[in-house]
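# Tertiary structure, described
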Amino acid sequence: MSLPETVIPALNYPMLPVAGTTKRFPVRRIWCVGRNFLEHIRELGNDERNPPFFFAKHADMIVQSGATIPFPGLTKDCQHEVEMIVALKSGGANISPETALDHVYGYGVSIDLTRRDLQMASRKKEQPWEIGKSFDNSAPCGALRAASEIGHPAKGKIWLNVNGKERQTGDLNQMIWNVPEIIARLSLQVTLGAGDIIMTGTPKGVAAIAPGDRIECGVEGLEPLSVNIA
């Protein structure tokens with residue numbers, strides 16, 4: 001069956017490389033877990049008794065490793081948040097924690113760039129966070145590693161350096177919710193599908209970036225990620 005004629009050029013999914021192959025992973029949606037590392041909750045002065053929650057970024061906000069990106073507009077306090085990402089090969093609604101990992105294709109490293117001043121201003125006004133979290137180039141992502149190759153990381157160092165100096169460090173075992181729990185809980189909110197990626201939260205040490213900075217980050221056993229700020 002022929003495709004219908006479109007009134008604008010047909011849109012393509014952003015894609016992430018798969019380490020060690022020429023294959024690509026098409027990204028449908030980006031979901032983010034808020035407040036999933038205890039020390040990060042404390043450093044921002046939030047209530048650690050509140051459970052983690054979810055928000056979204058648009059897939060076309062992905063930036064490939066090695067890219068140079070402009071410092072974002074409207075902000076005087078753009079901050080880095082290194083996170084492990086989970087890439088899904090399938091999905092569904094009301095997924096159980098026991099079967100959640102069956103839906104995982106693989107894992108990678110990402111940075112949740114955040115316009116912190118705008119995020120905090122929105123929070124005080126009880127408005128959505130979107131202006132602080134969802135903006136152009138706000139989702140740098142590295143190459144994926146297939147779970148069939150590396151398994152399902154549940155522990156290991158997660159880190160971020162700026163200009164060669166360590167800013168963030170932690171361990172995946174410090175996550176309040178683990179990957180199966182994240183997938184199960186998110187699937188109660190929305191029907192997940194192949195191509196969805198999930199940013200799983202950041203450890204302590206978030207801080208401001210500036211034009212000219214080079215950001216390098218990683219998770220033990222995964223491909224590192226780097227970007228330059230123009």
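Residues numbered from 1 in each chain as written. Predicted model: local features only at pLDDT ≥ 70, side-chain atom pairs only at ≥ 80, totals over all residues. Heavy atoms only, no water.

The name an unreviewed UniProt entry gives the protein is Fumarylacetoacetate hydrolase family protein, with Afipia carboxydohydrogena as the organism.

## Concerning the overall build of the protein
Inclusion rule: We count a stretch as a helix when DSSP gives it H or I for four or more residues in a row; a strand needs E for two or more, and each element gets its number in order from the N terminus. This radius of gyration counts C-alpha atoms alone. The globule rule is 2.2 Å times how many residues there are, raised to the power 0.38. Buried, partly exposed and exposed residues are distinguished by accessible area as a fraction of the type maximum, computed with a 1.4 Å probe on protein chains only: under 20%, between the cut-offs, and over 50%, respectively. Note on contacts: a residue pair qualifies if any of its non-hydrogen atoms lie within 4.5 Å across the two residues. Residue burial considers only the protein chains on display, and all accessible areas are found by Shrake-Rupley using a 1.4 Å probe. The charge count treats Lys and Arg as positive and Asp and Glu as negative. His and the chain ends do not count. Charged groups are reduced to one reference atom each: NZ for lysine, CZ for arginine, CG for aspartic acid, CD for glutamic acid.
Across its full length, the protein carries 5 helices and 17 strands. The C-alpha atoms of the protein give 17 Å as radius of gyration, which agrees with the globular expectation for 230 residues (17 Å, within 12%). Summarising its shape, the C-alpha atoms of the protein cover approximately 50 × 45 × 40 Å along the three principal directions. Counting over 230 residues, the protein shows a buried share of 51%. Here the analysis covers contacts within the protein between residues at least 6 apart in sequence; of these, 75% occur between residues at least 24 apart. Accessible surface computed for the protein: about 11200 Å², of which carbon and sulfur atoms make up 52%. Distance between charge centres in the protein, computed from 24 positive and 25 negative side chains, equals 2 Å.

## Here's the deal with the sheet that holds strand β14 (residues 165–171)
For clarity, the threshold we go by: Each pair of strands is called paired provided DSSP finds at least two bridges between the two strands.
One open sheet accounts for 5 strands, arranged β6-β17-β16-β13-β14; its pairing is mixed. In this open sheet, the two strands that pair with only one neighbour each are β6 (68–69) and β14. Where β6 and strand β17 (residues 225–229) come together, 2 bridges link them in parallel fashion. Bridge pairing in β17 places Ile 69 opposite Ile 229.

## Quick look at the pattern of salt bridges
Note the following rule: The working definition used for a salt bridge is a side-chain nitrogen of Lys or Arg within 4 Å of a carboxyl oxygen of Asp or Glu.
A complete count under the given rule lists 10 salt bridges for this structure. Of the charged contacts, one joins Arg 116 and Glu 81 as a salt bridge, the two residues approaching to 2.6 Å between their closest N and O atoms. Taken together, the residues Arg 116 in helix α2 (residues 116–124) and Glu 81 in the loop between β7 (78–79) and β8 (82–88) connect sequence positions 35 residues apart. For Arg 116, a relative accessible area of 4% corresponds to the buried category. Here Glu 223 ties to Arg 145 by a salt bridge, and the two come within 2.5 Å at their closest N and O atoms.

## Considerations on the packing of aromatic side chains
Cut-off, in case you're wondering: Two rings belonging to Phe, Tyr or Trp (six-membered ring only in the last case) form a pair when the distance between their centres is within 6.5 Å. Interplanar angles under 30 degrees mark stacking, angles over 60 mark edge-to-face geometry, and anything in between is tilted.
This structure, assessed with the given rule, holds 4 aromatic pairs. Taking the centre distance of 5.2 Å and the plane angle of 75 degrees together, the rings of Phe 53 and Trp 129 count as edge-to-face. Pair noted here: Phe 53 is in strand β4 (residues 53–57) and Trp 129 is in the loop between α2 and α3 (130–133), with a separation of 76 residues, a long-range link. Residue Phe 53 is classed as partly exposed on the basis of its relative accessible area of 26%. You can call Trp 129 buried: its relative accessible area is 18%.

## Details of the pairing of strand β16 (residues 214–219)
Relative to β16, strand β13 (residues 157–162) is paired through 5 bridges, and the arrangement is antiparallel. Across the sheet, the residue bridging to Leu 160 is Cys 217, located in β16. Connecting the antiparallel pair β16 and β17 is a turn made up of 5 residues, with Gly 221 showing a positive phi of about 90 degrees.

## Examining the side chain of Gln 79
As a reminder of what qualifies: Contacts described as polar in this section are N or O atom pairs within 3.5 Å, which, within protein, must combine one atom able to donate a hydrogen with one able to accept it, while residues neighboring in sequence count only if both atoms come from side chains.
Looking at where Gln 79 falls in the secondary structure, it is placed in strand β7. For Gln 79, a relative accessible area of 10% corresponds to the buried category. Side-chain polar atoms of Gln 79 contact the side chain of Asp 77, separated by 3.2 Å.

## Section: helix α5 (residues 179–189)
Every α-helical turn comprises 3.6 residues, leaving residues that sit three or four positions apart pointing alike. All of the buried residues in α5 are Val 179, Pro 180, Ile 182, Ile 183, Ala 184, Leu 186 and Ser 187. The inward-facing, buried residues of α5 contact β3 (29–34), β4, β8, β9 (104–111) and β15 (196–199). For α5, the side-chain oxygen to backbone nitrogen distance between the N-cap and Glu 181 is 3.0 Å, and the N-cap itself is Asn 178.

## Observations concerning the side chain of Ser 138
Secondary-structure assignment places Ser 138 in the loop between α3 and β11 (139–141). By relative accessible area, which is 0% here, Ser 138 ends up buried.

## Remarks on the nonpolar core
General note: in soluble globular proteins, nonpolar side chains tend to be found buried as a group. Here is the rule we go by: Side-chain atoms within 4.5 Å are what join buried Ala, Val, Leu, Ile, Met, Phe, Trp, Tyr and Cys residues into a set we call a nonpolar core.
If you look at the biggest cluster of nonpolar residues, it comprises 41 residues, and the most contacted ones within it are Val 86, Tyr 107, Ile 111, Ile 183, Leu 192, Ile 198 and Ile 215. Where this core is concerned, the elements lending two or more residues are β3, β8, β9, β13, α5, β16 and β17. In this structure, Val 18, Phe 55, Ile 62 and Trp 129 belong to the second largest nonpolar core, which totals 17 residues.

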